[in-house]
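Take a look at the letters that make up each chain.
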Amino acid sequence: MGKHFKTRLIGGDKNSYKELFKRHKSNPILTSKDWPYPANTVFNPAATMYQDKVLLLARVEDRRGFSHFTKAISEDGINNWKIDECPTLEADPENYPEEAWGIEDPRITWLEELGKYAVAYTAYSKGGPLVCMALTKDFVDFERLGPIMPPEDKDAALFPRTINGKWLLIHRPIPANNDPEAHIWVSSSDDLKYWGQHHTLIKARKGGWWDANKVGLNAPPLETPEGWLILYHGVKQTAGGAIYRLGLVLLDLEDPFKVIRRSDEWIFGPEESYEKEGDVDDVVFPCGWVLNEKTGEIKMYYGGADTCIAMATADLKELLEYIKRCPAEEK
Ligand code: BMA
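First, a word on what this report is: a plain description of the structure on this page. Predicted model only: the values in this text are computed from it and were never measured. (Residues numbered from 1 in each chain as written. Predicted model: local features only at pLDDT ≥ 70, side-chain atom pairs only at ≥ 80, totals over all residues. Heavy atoms only, no water.)

### Description of the overall build of the chain
Counting secondary structure elements, the chain contains three helices and 21 strands. Against the 2.2 N^0.38 benchmark of 20 Å for 331 residues, the chain shows a C-alpha radius of gyration of 19 Å, consistent with a compact globule. Each principal axis of the C-alpha distribution contributes one length, and for the chain these read about 60 × 45 × 45 Å. In the chain, buried positions account for 55% of the 331 residues. Of the roughly 15,100 Å² of accessible surface on the chain, a fraction of 48% belongs to carbon and sulfur atoms. When the 41 basic and 52 acidic side-chain charges of the chain are each reduced to a single mean position, those positions are 5 Å apart. (Helix = DSSP H or I, 4+ residues; strand = E, 2+ residues; numbered from the N terminus. Rg over C-alpha atoms; globule rule 2.2 N^0.38 Å. Buried < 20%, exposed > 50% of the residue type's maximum accessible area, 1.4 Å probe, protein only. Areas by Shrake-Rupley, 256 points an atom, 1.4 Å probe, with all protein chains shown as cover. Lys, Arg positive; Asp, Glu negative; His and termini not counted. Charge placed at Lys NZ, Arg CZ, Asp CG, Glu CD.)

So this is what it looks like as structure tokens:
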């Protein structure tokens with residue numbers, strides 16, 4: 001039996017893959033039709049628990065093509081969303097010129113040590129996308145820290161606690177030398193504003209791989225007893241366009257600069273019509289997941305085809321069993 005056959009996802013039938021994440025039957029759970037004001041699309045939401053409810057910070061694109069964030073709160077994370085009547089966090093190009101063409105793809109991390117939530121997001125500057133950060137206690141008032149990574153850089157999220165005295169940020173710079181390869185990096189900081197110790201963490205593969213040439217973080221790192229669970233996307237360029245799919249990585253708990261395991265196969269990809277057809281076809285793009293500590297259920301919130309918001313659930317134990325069977329990262 002080949003090496004790959006030992007680690008692949010096997011489903012109940014001999015010819016089906018196992019579904020680690022199961023789509024909710026009422027997907028898409030939120031679309032622009034649910035919005036209290038006109039919007040082109042709502043997608044790529046950040047997610048966190050806030051006052052025992054699920055809070056999504058959705059990316060909302062207007063008809064200029066610019067994005068802002070609006071929060072939606074629900075008790076069960078599926079129904080009865082209470083959506084802000086107007087944008088929750090808007091680009092402010094007069095004071096923050098890097099936000100000239102909007103703000104995109106937020107990721108929320110609760111920072112127990114500061115008693116605040118950190119929102120890492122992409123600002124679309126005239127010099128290209130870059131990473132910005134804002135802090136908030138209530139998702140009403142936001143304290144902007146400004147740009148923390150220069151262009152081109154996006155897909156950033158903070159680890160929830162300091163490790164060896166440092167804050168850690170995952171992000172994805174794009175090389176400026178026309179090199180098509182974009183890898184996931186990790187950097188450290190004492191104060192959340194000035195970053196260093198830059199290190200390539202997860203490299204895009206090459207050739208025929210589903211995650212060849214371009215990878216990026218999706219949901220913020222999830223702390224588990226086995227290590228930090230990382231959800232990332234790979235972008236495969238095909239004759240029919242790009243396909244955005246998701247994979248898993250496990251990082252060492254006390255040294256997150258070290259990859260322990262990485263899935264060879266994608267674990268989730270565009271299959272349903274709301275993932276395959278929209279403003280950008282063939283995209284599943286989560287920016288957040290929430291774990292129910294009691295049941296071990298993870299709710300992953302994602303954008304479908306850059307147009308709507310969908311949700312899929314997984315069992316943390318199953319994800320860990322799977323990733324622990326995956327190959328150790330080759331050096
Ligand atoms: C990425 C990000 C996402 C988007 C995806 C597919 O580069 O900009 O916001 O969902 O492309 O268009």
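So much for the structure itself; the text now carries on.
### Regarding the pairing of strand β2 (residues 41-50)
Most of β2 is tucked away, with nine of its 10 residues classed as buried. Where β2 lies against strand β3 (residues 53-61), eight bridges are found, and the strand directions are antiparallel. Note that in β3 the partner of Tyr50 across the bridge is Lys53. Joining the antiparallel neighbours β2 and β3 is a turn of two residues, in which Gln51 adopts a positive phi near 50°. (Pairing = 2+ DSSP bridges.)

### Thoughts on the site of the ligand
Lining the immediate environment of the ligand, one finds Asn44, Arg59, Asp105, Lys154, Tyr244, Val280, Val283, Phe285 and Asp306. Contact between the ligand and Asp306: an oxygen atom at 2.6 Å from a side-chain N or O atom of the residue. When the residues that make up the shell around the ligand are grouped by side-chain class, the tally is four nonpolar, one polar and four charged. (Near = heavy atom within 4 Å. Polar contact = N/O pair within 3.5 Å; in protein donor to acceptor, adjacent residues only side chain to side chain. Nonpolar A, V, L, I, M, F, W, Y, C, P; charged D, E, K, R; others polar.)

### Digging into the environment of Glu99
The residue Glu99 is located in the loop between β5 (82-83) and β6 (103-111) in this model. Overall, Glu99 belongs to the buried group, its relative accessible area being 0%. When the C-alpha positions of Glu99 and His233 are compared, they lie 24 Å apart, and in sequence the two are 134 residues distant. Once residues lying within four places of it in the same chain are set aside, the contact partners of Glu99 are Glu90, Ala91, Asp92, Pro93, Tyr121, Ala123, Tyr124 and Arg144. (Contact = heavy atoms within 4.5 Å.)

### Description of the sheet that holds strand β8 (residues 128-136)
Reading across the sheet, the four strands line up as β6-β7-β8-β9 and stay open at both edges, with antiparallel pairing between neighbours. The open sheet has two edge strands, β6 and β9 (142-149), and neither has a second partner. Across the sheet, the axes of successive neighbouring strands diverge by a mean angle of 25°, strand direction being ignored. Relative to β8, strand β7 (residues 116-125) runs antiparallel, the two sharing nine bridges. Within β8, the residue paired with Ala123 across the bridge is Leu130. (Axes fitted to C-alpha atoms, helices over the stretch in contact; angles between N-to-C directions.)

### Focus on the pairing of strand β4 (residues 67-74)
Moving residue by residue along a regular strand, the side chains alternate between the two faces of the sheet. Burial analysis of β4 places eight of its eight residues in the buried class, which makes it a mostly covered element. Alternating residues of β4 divide into Ser67, Phe69, Lys71 and Ile73 and His68, Thr70, Ala72 and Ser74, and every residue in both groups is buried. Pairing geometry for β3 and β4, over eight bridges, is antiparallel. Bridging from a neighbouring strand, Leu55 pairs with Ile73 of β4. In this antiparallel pair of consecutive strands, β3 and β4, the connection spans five residues, and Gly65 shows a positive phi of 100°. Pairing geometry for β4 and β5, over two bridges, is antiparallel. Among the inter-strand pairings, Ala72 is bridged to a residue of β5, identified as Ile83.

### Regarding the side chain of His68
Inspection of the secondary structure assignment puts His68 in strand β4. His68 sits in the buried class, given a relative accessible area of 8%. A distance of 2.7 Å separates a polar atom in the side chain of His68 from a polar atom in the side chain of Tyr37. His68 has contacts with Tyr37, Ala58, Arg59, Val60, Pro87, Leu89, Glu90 and Ile103, leaving out every residue within four places of it along the chain.

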